[in-house]
Amino acid sequence: MSNKSTWVLPTYILGAALALVLIGCSGGSTNNDPATGSTTGGSATTAKLSGDLKIDGSSTVYPIVSLLSEDFKKDNPGVAQTVGKAGTGSGMKKFIAGEIDIATASRSIKDDEVKALAEKKIEFVEIPVAYDGVSIIVNPANTWATDITPAELKTAWGKDSTITTWDQINAKFPKEKITFYGPTDNHGTYEYFTEAINGKKNEIRKEYQPMQEYTPIVTAVAGDKGGMAFVGYNYYADAKDKIKALTVSGVGPEEKTIADGTYSPLSRPLFIYVNKNAMNTKPQVKAFVEFALGEKGKAAVTEAHYVLLGEDVMAQIKAHVAAGTAGTMMKDFKPGMKLSDVYAKK
Amino acid sequence: MILDPSTHHNLRSRKRLDVLFGRLCQLAAGLGILILIIFLVKIIVDGVQNISWAFIVGDLSQRPSRTGIWPAIVGSLYVMVLTALFSVPVGVAAAIYLEEFNRRKSRLSSIIQLNIANLSGVPSIVYGLLGRFLFVYFFGFKTSIIAGALTMTLLILPTVIIVTQEALKAVPQSYREGSMALGSTQWQSIRLQVLPNALSGILTGIILSISRAIGETAPLIVVGAVSYVSNLPKGLGDSYTVLPIKIFDWANESQEKFHQVAASAILVLMVGLLFINSFAIYFRARAKAKK
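About the cut-offs
Residues numbered from 1 in each chain as written. Chains lettered and ligands numbered in written order. Predicted model: local features only at pLDDT ≥ 70, side-chain atom pairs only at ≥ 80, totals over all residues. Heavy atoms only, no water. Helix = DSSP H or I, 4+ residues; strand = E, 2+ residues; numbered from the N terminus. Expected span 1.5 Å × (residues − 1). Bend = angle between axes of the 7 residues up to and from the residue. Buried < 20%, exposed > 50% of the residue type's maximum accessible area, 1.4 Å probe, protein only. Contact = heavy atoms within 4.5 Å. Pairing = 2+ DSSP bridges. Axes fitted to C-alpha atoms, helices over the stretch in contact; angles between N-to-C directions. Buried area = accessible area lost by both parts, 1.4 Å probe. Polar contact = N/O pair within 3.5 Å; in protein donor to acceptor, adjacent residues only side chain to side chain. Nonpolar A, V, L, I, M, F, W, Y, C, P; charged D, E, K, R; others polar. 1 Å grid on protein atoms, 1.4 Å probe; cavity = no way out; pocket = protein on both sides within 12 Å on 5 of 7 lines; lining within 4 Å. Points joined across faces, edges and corners; volume = space filled by probe spheres on them.

**Section: helix α5 (residues 124-138) of chain B**
Residues and elements named next belong to chain B.
Phase 1 of the analysis: Across its 15 residues, α5 extends 20 Å between first and last C-alpha, which sits within 8% of the 21 Å expected from 1.5 Å per residue.
Phase 2 of the analysis: For α5, the principal kink sits at glycine 131 and spans about 35°.
Phase 3 of the analysis: Listed as buried for α5 are Ser124, Tyr127, Gly128, Gly131, Phe135 and Val136.
Phase 4 of the analysis: The elements touched by buried residues of α5 are α4 (107-119), α6 (145-169), α8 (186-215) and α9 (218-222).
Phase 5 of the analysis: At the C-terminal side of α5, glycine 140 shows a positive phi close to 70°.

Quick look at the structure:
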């Protein structure tokens, strides 16, 4: 009977939806303006940068880069930055496909990734940004274990390991049930741990509970008296009230021991890989890299609960980046080696 | 059977069974509500202290006390509106064809019908992988809002078609016959008689489908929604993030404070979804009042 009213309702809804988008846009820009107005004072001399800056990769490095990106925005509100945390391997794939300007990695670049980049004629600059110490965590109710050696870790985590109780690791430990937790195989942390402990990347005992995210690993160990897991240092540092870390050959994961390399072989460098062409043609990428290598970079590393690289290594890295040296320095890097030695060899 | 006198003697036990069954149903309903209440209370207790205007319109941050969620809200709105724009016309048209114009039910259409029913049960991550191949790489939309919205469109399209079909089926056949007997064409009778009567059902279904799209995380991660955007998306080709992804990220952060932020974001998302669903309830009520 009322032909017109048939179409009134859908039109209203469509209109309302469009209005929402418009509100979204305008509301956003009014929200941005005061923020930029109040913070651009700091660096009035720098030219206004714009364009985009795409970063993706390791979820371990994400907190550092995300903090950096946020601080970079204060001086460069015109740059549209995006930071993802798809995982080191997935980030590298995007980097090889030329989709992103910077790939973050919790391990050094692999040979086949270098090869794939060469085929695509993509040159990259490698920049270590911080140290992390892969921490071996157990339940606080675990009173028997305080220290473990790399050899004992291999007994527990090695490819052919079938142990089910703690006394099989070390006869001094009681016959308590042991459960293994850790990150899934798309994590750089997994690759580093398996190489450092088991001698070969991606080789690990069959029975362990792999998890995509670290917080559930910490939660699982916090609720399992016989549990053992390996996680990045910041996950241990942020949850010291729920879990404890084992010392490895007498050395515990602490900022000092990770930085000076005595927490060995589980202290490792974290990286960002920058597309060299993007760095040369997109001023915002170059500016971001300089920003990351400066004081703000250090502040972000500390704030994200990672460990700073030493001043000497930083100087070497800065020189390396300033010279625009492409390729990886980490080809012959083995777990337990120091970055300063790697850079000194050059 | 019931009147058979031989069953009389167990009348009492049958009545007892009746009461028992009623209680069981009550329990089942109560359990669902109880879980919901526990969930709500927990989220509200954890999340409400962070909710403020500054939180809602603020930028994303890796510092839990300073973060806002505006870019994620805008991203979610973009995806929602675009998904609606793509899926509603296609879905409703497909349903109209299947229900109204395809009266003879050919074998082809029954195959299509079966496929649509199956597709509505495919896990969302599979649509994510499809979208990644189709929209991100093949059509070259990269990791943009449009790729995300098109993937979401694929995801909810089967549901939109099915609910629309159900709504059309509910319109009595006599309406169509009456209208056509008076000389209207088929399109006229659909437009003037069938659609107006099916409208509230169709809209309810669409709104519920779209609220599902807003809550999805996995397929959007696969098609490249990121975790941090410094600036709001300006166009359909820009990178974006959405509320459920931020909730997922924050819930997995190592710092405890982020878990509260996640709860706050859940509250915002839930209020948004309730708001949208209230439209669905309104339409249903209106349709009932009309009858």
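**Description of the environment of Tyr78(B)**
Residue and element names in this part refer to chain B.
Phase 1 of the analysis: Within the fold, tyrosine 78 resides in helix α3 (residues 70-101).
Phase 2 of the analysis: Since its relative accessible area comes to 8%, tyrosine 78 is described here as buried.
Phase 3 of the analysis: Remark: the alpha-carbon pair of tyrosine 78 and glutamine 193, spanning 115 residues in sequence, is separated by 33 Å.

**Points about the sheet that holds strand β4 (residues 124-133) of chain A**
Phase 1 of the analysis: Spatial strand order, β4(A)-β12(A)-β3(A)-β1(A)-β2(A)-β1(B): 6 strands in an open sheet with mixed pairing. Each having just a single partner strand, β4 of chain A together with β1 (228-229) of chain B make up the two edges of the open sheet.
Phase 2 of the analysis: Two elements, strand β1 (residues 52-57) of chain A and strand β3 (residues 102-105) of chain A, share 3 bridges in a ladder whose sense is parallel. The partner of Gly57(A) across the bridge, within β3(A), is Thr104(A).
Phase 3 of the analysis: Docked against the sheet, helix α2 (residues 62-75) of chain A engages β1, β2 (80-83), β3, β4 and β12 (267-275) of chain A together with β1 of chain B, running at close to 170° with respect to β2(A).

**A word on the interface of chain A and chain B**
Phase 1 of the analysis: At the junction of the two partners, chain A supplies 45 residues and chain B supplies 43 residues.
Phase 2 of the analysis: Summed over both sides, the interface of chain A with chain B buries roughly 3,700 Å², with 55% coming from carbon and sulfur.
Phase 3 of the analysis: For the pair chain A and chain B, the number of links is 17 residue pairs in polar contact (both at pLDDT 80 or more).
Phase 4 of the analysis: At the level of secondary structure, the elements contributing two or more residues to the side of chain A that touches chain B comprise α1 (3-39), α2, β2, α7 (214-222) and α8 (233-237) of chain A.
Phase 5 of the analysis: The dominant element in the side of chain A that touches chain B, judged by the number of residues it contributes, is α1(A), at 17 residues.
Phase 6 of the analysis: Partitioning the side of chain A that touches chain B into residue classes produces 18 nonpolar, 16 polar and 11 charged.
Phase 7 of the analysis: In this sheet, β1(B) lies alongside β2(A) in antiparallel orientation, the contact comprising 2 bridges. The residue bridging Thr82(A) from the neighbouring strand is Val229(B), located in β1(B).

**Topic: empty space enclosed by the protein**
Phase 1 of the analysis: Following the criterion strictly, the structure yields 5 cavities of 30 Å³ or more and no others.
Phase 2 of the analysis: What the largest cavity holds in volume is close to 90 Å³.
Phase 3 of the analysis: Looking at the largest cavity, it is lined by 15 residues, and the ones nearest its centre are Tyr131(A), Gly261(A), Ser267(A), Met337(A) and Lys338(A).
Phase 4 of the analysis: Those elements that provide at least two residues to the lining of the largest cavity are α9 (255-259) and β12 of chain A.
Phase 5 of the analysis: Taken together, the residues of the lining of the largest cavity break down into 9 nonpolar, 4 polar and 2 charged.
Phase 6 of the analysis: By volume, the second largest cavity amounts to about 70 Å³.
Phase 7 of the analysis: For the second largest cavity, the full set of lining residues is Thr215(A), Val218(A), Thr219(A), Tyr235(A), Asp238(A), Ala239(A), Lys242(A), Glu253(B), Ser254(B), Glu256(B) and His259(B).
Phase 8 of the analysis: Mapped onto the lining of the second largest cavity, the elements with two or more residues apiece are α7 of chain A together with α11 (256-290) of chain B.
Phase 9 of the analysis: For the lining of the second largest cavity, the leading source of residues is α7(A), giving 3 residues.

**Considerations on the pairing of strand β9 (residues 227-231) of chain A**
Looking down a regular strand, the side chains alternate between one sheet face and the other.
All names here are of chain A.
Phase 1 of the analysis: Summarising burial for β9: 5 of the 5 residues are buried, a large majority.
Phase 2 of the analysis: Burial along β9 is two-sided: Gly227, Ala229 and Val231 and Met228 and Phe230, pointing in opposite directions, are all buried.
Phase 3 of the analysis: With 4 bridges connecting them, strand β5 (residues 135-138) and β9 associate as antiparallel partners. When the bridges of β9 are listed, serine 135 appears paired with valine 231.
Phase 4 of the analysis: Pairing of strand β7 (residues 179-183) with β9 involves 3 bridges; the strand directions are parallel. Counterpart to threonine 179 in the pairing with β9 is glycine 227.

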